[in-house]
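Chains, contacts and geometry: an overview
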Amino acid sequence: MTEAARFSTPPGKQMLSEQVYAHLRDAIMRGDHPPGAPLKPQDLAKEQGVSLAVVREALVRVVGEGLADRLPNRGFAVPSFSDRRWQEIAEARRTIEPVVLRMSIERGDVDWEARVRAAHHRLVRTPAYVPEEGEYYTGAWADAHRAFHRTLLEGCGNHALLETFDRLWTASELARRWSAHRNPDRDGAKEHRMLEEAVLARDADTAAAVLVRHLTLTAAALTDDSGHAT
């Protein structure tokens, strides 16, 4: 939606649109709509008690975030595990982030080190799963996870590179949730601890290698049938 359209939308309708969008986004993130499932506007409108126009607006927004696909002549659907985009995004992250991490280790100051330590502490102390948020990790943990990974890179001081990280992170959020769900025995906490230790030791080679492996394991869980959670 354009800014002009937002300002011309009545406040009540805009609030309703935001609520429907947030509900749909959260439902996809929780796994209420499984990979590959159709997102039928008529059913969603009936479920939420709103118009088709409001639902379609919400669907367009989740498509923009990579949480749904708009299929020619077939409406909308949740992306599938096998969608090539996940591997392409993972390849992009493995190419870009280790380079930015090396820059961060080289350029980061003591304040940056303190932020890395604080971000890791927050990640460790935030519960990853709570019953009321379903089988996927919590929104609070997702926020702490993103903050940790971004803080690792912020020492680079390059805003264009950090914006690239932001775009790739948003585009891959759904894949991360699926990956964690399909590989519940993975010790992500250990991987994050190894990252923090290598970064604070200013060991760029080890930090970059740990990060590459970390990103590779996330993508691999979406292609390895043995990674299905039971």
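Remember, it's a predicted structure, so these values are computed and weren't measured experimentally. (Residues numbered from 1 in each chain as written. Predicted model: local features only at pLDDT ≥ 70, side-chain atom pairs only at ≥ 80, totals over all residues. Heavy atoms only, no water.)

**Concerning the packing of aromatic side chains**
Put simply, the test is: Pairing of aromatic rings covers Phe, Tyr and the six-membered ring of Trp, with a centre-to-centre limit of 6.5 Å; geometry is then stacked below 30 degrees between planes, edge-to-face above 60, and tilted otherwise. Partly exposed residues are those whose accessible area sits between 20% and 50% of the maximum for their type, while under 20% is buried and over 50% is exposed, using a 1.4 Å probe and protein chains only. Numbering goes from the N terminus for both helices and strands, where a helix is a DSSP run of H or I of at least four residues and a strand is a run of E of at least two. Two conditions define a charge located above a ring, namely a distance within 6 Å from the ring centre to NZ of Lys or CZ of Arg, and an angle within 35 degrees of the ring normal.
Applying the stated criterion across every chain, the model contains three aromatic pairs. Taken together, a centroid distance of 4.8 Å and an interplanar angle of 55° make the contact between Tyr137 and Trp141 tilted. Here Tyr137 and Trp141 have matching classes, each one buried. Between Phe165 and Trp169 the ring centres are 5.5 Å apart and the planes differ by 40°, which places this aromatic pair in the tilted class. Here Phe165 pairs with Trp169, and both are found in helix H8 (residues 159-171), just four residues apart, close to one helical turn. Residue classification places Phe165 among the buried residues on the basis of a relative accessible area of 2%. Among the residues examined, Trp169 registers a relative accessible area of 4% and is labelled buried. Just above the ring of Trp86 sits the side chain of Arg85; from NZ or CZ to the centre is 5.2 Å. The side chain of Arg176 reaches across the aromatic face of Trp169, ending 3.6 Å from its centre.

**Thoughts on the confidence of the model for the chain**
Stated formally: What pLDDT conveys is the predictor's confidence in a given residue, as a value from 0 to 100. Contacts were defined at the residue level, with two residues in contact if any of their heavy atoms lie within 4.5 Å.
When pLDDT is averaged across the chain, the result is 89; 91% of the residues are at 70 or more. Ignoring residues within four places in sequence, the model shows residues 1-8, a span with pLDDT below 50, making six contacts including any to other chains. Taken as a whole, residues 226-230 scores under 50 in pLDDT and shows seven contacts with residues more than four places along the chain or in a different chain.

**Looking at the UniProt feature "domain: HTH gntR-type" (unreviewed entry) in the chain**
Using the following cut-off: UniProt positions are given in the numbering used here, feature names are shortened, and annotations may be inferred rather than shown by experiment.
UniProt annotation of "domain: HTH gntR-type" (unreviewed entry) refers to residues 14-81 when read in the numbering used here. Between the C-alpha atoms that bound residues 14-81 there is a distance of 33 Å. The span itself is 56% helix and 12% strand.

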